[in-house]
2 protein chains.
Amino acid sequence: MSTSPLNGDPAFDAAKQIALAYCRAWTAKDIEKTMSYVAEDIVCDAPGGRLQGAPAFRQFWADFMGMLTGSQLIAVFGDEATALMLYDSATIPVERALVAEYITVQDGKITSSTMVFDQTPFANYRGGAQAGFNAAQT
Amino acid sequence: MSTSPLNGDPAFDAAKQIALAYCRAWTAKDIEKTMSYVAEDIVCDAPGGRLQGAPAFRQFWADFMGMLTGSQLIAVFGDEATALMLYDSATIPVERALVAEYITVQDGKITSSTMVFDQTPFANYRGGAQAGFNAAQT
């Protein structure tokens, strides 16, 4: 994980600190803690489509946590308002799912999230059936 | 694009500066300039598989440039040895392809690249035929 020499200055890397706390929360499968960093009006663009609002985002994470077996943060960078993360998640259907997530933060809450991952291995596992990680498509 | 107050210190953000120059080069479809930032023994992990060495990496970019119609850098962060980028590329088959790329840099050259993107829209376009962006699978 990369660190900045200005790591200790909250004004400089507020979004990065939120990103780290948010990652720790979902890795621990703590949905309440995860959502404590999320704004009510969050907009999330994921490969399966757009999720609008905290309830839809909560459902996305709850579904994902249900199949999560582990996750490693490869990199996190951020400044006062934005952060970009790369993590390697192990899930029941897909052993190694690389996910990049770009967040914007206002007043300590994540107001937007852009997620990038390859849907292919999840689709191969599903074989056309519904699966939680892809809830944005339903 | 996020900038760091230490932007001017080459020792601090050498990898970020390489990332920016590399992005400018491939966005301009300048394959020679692009490859000037790449180590001979680069290892690239892409959704389609692993690319080993500069010739395979060059072919990947040449194929991608062949269908690239535009690209916008959404975010770039980096330090002295690593950088993480998010860009939104417009291509002939896929209007909006979000790509995250994580690079490691040694002695001014990119020695590893991890790319994350959703293969689904490219596969839908291909309909099973070969396409350049997915050269890693061939």
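Residues numbered from 1 in each chain as written. Chains lettered and ligands numbered in written order. Predicted model: local features only at pLDDT ≥ 70, side-chain atom pairs only at ≥ 80, totals over all residues. Heavy atoms only, no water.

S.K.: Describe the state of the cysteines, naming the residues involved and giving the relevant values.
M.R.: Residue and element names in this part refer to chain A. One pass over the full model with this rule turns up zero disulfides over all chains. Free of any disulfide, Cys23 has its nearest neighbouring cysteine sulfur in Cys44, separated by 13 Å. When its relative accessible area of 5% is taken as the criterion, Cys23 is described as buried. (Disulfide = S-S within 2.5 Å. Buried < 20%, exposed > 50% of the residue type's maximum accessible area, 1.4 Å probe, protein only.)

S.K.: So what's going on with the interface of chain A and chain B? Residues and values would help.
M.R.: Contact with chain A, which involves 24 residues of that partner, is made by 24 residues of chain B. Regarding the contact of chain A and chain B, the summed buried area is about 2,000 Å², with carbon and sulfur atoms giving 73% of it. The tally of links between chain A and chain B comes to zero salt bridges. Along the contact surface separating chain A from chain B lie two residue pairs in polar contact (both at pLDDT 80 or more). (Contact = heavy atoms within 4.5 Å. Buried area = accessible area lost by both parts, 1.4 Å probe. Salt bridge = Lys/Arg side-chain N within 4 Å of Asp/Glu carboxyl O. Polar contact = N/O pair within 3.5 Å; in protein donor to acceptor, adjacent residues only side chain to side chain.)

S.K.: How would you explain the relation of the copies chain A and chain B if you had to name every residue and give the values?
M.R.: Under the fitted operation, chain A is carried onto chain B by 0.0 Å of movement along the axis and a turn of 180 degrees, and the coordinates agree to an RMSD of 0.0 Å. Seen this way, the second copy is the image of the first under a two-fold rotation axis. Distance from the rotation axis, computed per C-alpha, reaches its smallest value in chain A at Asp118 of chain A: 1.9 Å. By residue overlap, the copies meet face to face through one surface: 100% of the interface positions of chain A are interface positions in chain B. (Least-squares fit on C-alpha atoms with pLDDT ≥ 70 in both.)

S.K.: How would you explain the sheet that holds strand S6 (residues 109-116) of chain B if you had to name every residue and give the values?
M.R.: Within a sheet, each strand pairs with its neighbour through backbone hydrogen bonds, oriented either parallel or antiparallel. Residue and element names in this part refer to chain B. Taken in spatial order, the six strands make up an open sheet running S2-S1-S6-S5-S4-S3, and their pairing is mixed. The outermost strands of the open sheet, each flanked by one partner alone, are strand S2 (49-52) and strand S3 (68-78). Direction aside, the axes of adjacent strands within the sheet are offset by 20 degrees on average. Pairing analysis gives four bridges linking strand S1 (residues 38-46) to S2, with the strands arranged antiparallel. (Pairing = 2+ DSSP bridges. Helix = DSSP H or I, 4+ residues; strand = E, 2+ residues; numbered from the N terminus. Axes fitted to C-alpha atoms, helices over the stretch in contact; angles between N-to-C directions.)

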